[in-house]
Amino acid sequence: MKLKNLIESLEQWAPLNYQEDYDNSGLIVGSPDDEIHAALVSLDCTEKIVDEAIEKNCNLIISHHPIVFKGLKKLNGKNYVERVVMKAIKNNIALYAAHTNLDSVSNGVNAKICERLGVENAKILVPKSGLLKKLVTFCEHKDAEQLRNALFAAGGGNISHYSDCSFNLEGVGTFKGDEQSNPTLGTAGVREYAHETRIEVIFKVQDERRLLSALFENHPYEEVAYDIYALDNQLQNVGSGMVGDLPEEMDGAEFLRLVKTQMDARVLRHTGLLPQKIRRVAVCGGSGSFLLKNAIAAGADAFVTADFKYHEFFDAEDKIVIVDIGHFESEQFTSNLLIDNIQEKFPNFAIRLTEHNTNPINYFI
């Protein structure tokens, strides 16, 4: 199988434009045209992981955390990042990372945490904006249905759980072609009045090329009239963190035991337990302290995440229970999430879970 086929599938699930500005998700080492025969999946890409890939004859490593975050100016092996990249290149192993883009989708990292904790009816805690645009075009009434269907097939008009969404308005358009024109309607050099339908559809920014291709291929006019508007609307199923409800409320100590067991965490850091029961739970894989105010505003009784600093625990202000389970612990099941998705799409492709625990933090208990 070509690497680009697997990448296309992964990026349909977690598009790269969903990642944060600081991130470096995507193909880090290798060519999309490389032939791949087996992949190793891990949370992190370390030297041990590359050695394991070599041992297991895997020529692709898929990790959650990108091995390269900042630009590399030299490759001489003086640190672990350079050594990993050099060893991967030397052994013809491609490196791919799905990081904050996979955090952002509603069936990604945070959904996996919700699944482990039994959180139901989970939704994105802070939806992203800037990911939607609107296409407006005009055509004769008789051509409107065919054009609408083509735009829908290309990804236009999908809003949350609804598809084929459009707004249509009938009106009159005018145009006059010059002597070099070949108008579909009317005669060159004569002003024409056309009874037209205005079609509006919303689309995700990553679908713009496909949508425009469908527009130009299916629009009957010699010169296609269209407008594209950037929207500030939030995309409700893409964003940071998730929030939902437990099937039944729990007291604080019972909830902590649930988190420790289900997330396979050796240590929990948490704020003081509160008198009220815990029912509504917010989660964020990895470093989630930036979402604390949003979790409180969403009415969460507890917030499960990682990497809270000492003074940030005070910001709970007895409004919520912060449960810091550790960065690795919060994301460790992401590898299983990746494997399940790939196996569903490519059941005959060899995909393996690493045998190494890449957590750089050890606990002395």
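Residues numbered from 1 in each chain as written. Predicted model: local features only at pLDDT ≥ 70, side-chain atom pairs only at ≥ 80, totals over all residues. Heavy atoms only, no water.

A separate point is the side chain of His64. Considering the arrangement of structural elements, one finds His64 in the loop between β3 (60-63) and α3 (80-90). Among the polar contacts made by the side chain of His64, one reaches the main-chain carbonyl oxygen of Ala98 at a distance of 2.7 Å. Ignoring sequence-local partners within four residues, the contact set of His64 consists of Ser42, Leu43, Ala97, Ala98, His99, Leu102, Asp103, Val109, Glu331 and Thr334. (Helix = DSSP H or I, 4+ residues; strand = E, 2+ residues; numbered from the N terminus. Polar contact = N/O pair within 3.5 Å; in protein donor to acceptor, adjacent residues only side chain to side chain. Contact = heavy atoms within 4.5 Å.)

Once that is clear, we can look at the sheet that holds strand β5 (residues 120-129). What the 6 strands build is an open sheet, ordered β5-β10-β12-β13-β14-β11; its pairing is mixed. In the strand order of this sheet, the two ends are held by β5 and β11 (269-270), each with one partner. When strand β10 (residues 234-250) meets strand β12 (residues 278-287), the two strands line up antiparallel, connected through 5 bridges. Across the sheet, residue Met250 finds its bridge partner in β12, namely Ile278. The sheet contacts of helix α5 (residues 109-117) involve β5, β10, β12 and β13 (302-306), and relative to β12 the element is tilted by about 140 degrees. Together, β10, β11, β12, β13 and β14 (321-324) form the strand contacts of helix α8 (residues 252-262), whose direction differs from that of β10 by roughly 120 degrees. (Pairing = 2+ DSSP bridges. Axes fitted to C-alpha atoms, helices over the stretch in contact; angles between N-to-C directions.)

So, on to the pairing of β13. Within β13, 5 of the 5 residues are buried, leaving the element largely enclosed by the surrounding structure. Of the two faces of β13, the one holding Ala302, Val304 and Ala306 and the one holding Phe303 and Thr305 are both buried throughout. Relative to β13, β12 is paired through 4 bridges, and the arrangement is parallel. Paired with Val281 across the two strands is Ala302, which belongs to β13. Regarding topology, helix α9 (residues 292-297) serves as the crossover connection from β12 to the parallel β13, and that connection is right-handed. (Buried < 20%, exposed > 50% of the residue type's maximum accessible area, 1.4 Å probe, protein only. Right-handed = clockwise from strand over helix to strand, strands pointing away.)

Quick look at the sheet that holds strand β9 (residues 226-231) now. In spatial order, the strands read β7-β8-β6-β9; together these 4 strands make up an open sheet with antiparallel pairing. Each edge of the open sheet carries a strand with a single partner, namely β7 (167-175) and β9. Pairwise comparison of adjacent strand axes, ignoring direction, gives a mean angle of 25 degrees for this sheet. Relative to strand β8 (residues 192-204), strand β6 (residues 132-140) runs antiparallel, the two sharing 9 bridges. Bridging across to β8, Leu132 finds its partner in Lys204. Contacts between helix α6 (residues 141-153) and the sheet are confined to β6, β7 and β8, with β8 contributing the most and set at about 15 degrees to the helix. Along the sheet, helix α7 (residues 208-218) makes contact with β6, β8 and β9, crossing β9 at roughly 160 degrees.

Below, the discussion takes up the pattern of salt bridges. One side chain can pair with another of opposite charge once the charged atoms of both are near each other. Here the structure, examined in full by the defined rule, presents 16 salt bridges. A salt bridge links Arg198 to Glu200; the shortest N-O distance between them is 2.7 Å. As a salt-bridge pair, Arg210 and Asp207 come within 3.3 Å of each other at their nearest N and O atoms. Using a relative accessible area of 47% as the deciding quantity, one classes Arg210 as partly exposed. Classification of Asp207 as buried rests on a relative accessible area of 13%. The network of salt bridges with common partners includes Glu52, Lys56 and Glu355. (Salt bridge = Lys/Arg side-chain N within 4 Å of Asp/Glu carboxyl O.)

Interpretation in functional terms is not warranted from these geometric data alone.
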